[in-house]
Amino acid sequence: MIRRQKKGSDVKVTFALPDTSVAGKVSVVGDFNGWTPGTHTLVKRANGTRSVVLTLPPGSTHRFRYLGEGGLWFDDPEADLHTYEGGVLHV
């Protein structure tokens, strides 16, 4: 799930996955963090999901993927668009 919420002059973007979707740690990796694994690791929540919130500028477009343990790359089915580079998010 991807949720966008306007906060002042920025947009809070929540990336969330069911906790059971992938074993081990998962991080969201994209052009917003220099494609650096582990920078934005999803945290387990009481509601059965794991998520992370990023603050991004409105009107921006970003490419991203998820990275699980063991080098498992996967895409979010709720991305605005999918390309060979992964998901595309319009903020």
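Calculation criteria
Residues numbered from 1 in each chain as written. Predicted model: local features only at pLDDT ≥ 70, side-chain atom pairs only at ≥ 80, totals over all residues. Heavy atoms only, no water. Pairing = 2+ DSSP bridges. Helix = DSSP H or I, 4+ residues; strand = E, 2+ residues; numbered from the N terminus. Core = buried A, V, L, I, M, F, W, Y, C linked by side-chain atoms within 4.5 Å. Buried < 20%, exposed > 50% of the residue type's maximum accessible area, 1.4 Å probe, protein only.

**What to know about the pairing of strand β6 (residues 61–68)**
Right, on to step 1. Relative to β6, strand β3 (residues 26–30) is paired through five bridges, and the arrangement is antiparallel. Across the sheet, residue Val29 finds its bridge partner in β6, namely Arg65.
Right, on to step 2. Where β6 meets strand β9 (residues 86–90), four bridges bridge the pair, whose relative direction is antiparallel. For Arg63, the partnering residue across the bridge sits in β9 and is Val88.
Right, on to step 3. Of the pairings in the sheet, the one linking β6 to strand β7 (residues 72–74) comprises three bridges and is antiparallel in character. Bridge pairing in β7 places Tyr66 opposite Phe74.
Right, on to step 4. Taking the residues between adjacent antiparallel strands as the criterion, β6 and β7 are bridged by three residues, where Gly70 takes a positive phi near 80°.

**A few points about the nonpolar core**
Right, on to step 1. Val13, Phe15, Val28, Phe64, Tyr66 and Leu89 are the most contacted members of the largest nonpolar core, which totals 19 residues.
Right, on to step 2. Mapped by element, the contributors of at least two residues to this core are β2 (10–18), β3, β5 (49–56) and β6.
Right, on to step 3. Ranked by residue count, the leading element in this core is β2, at four residues.

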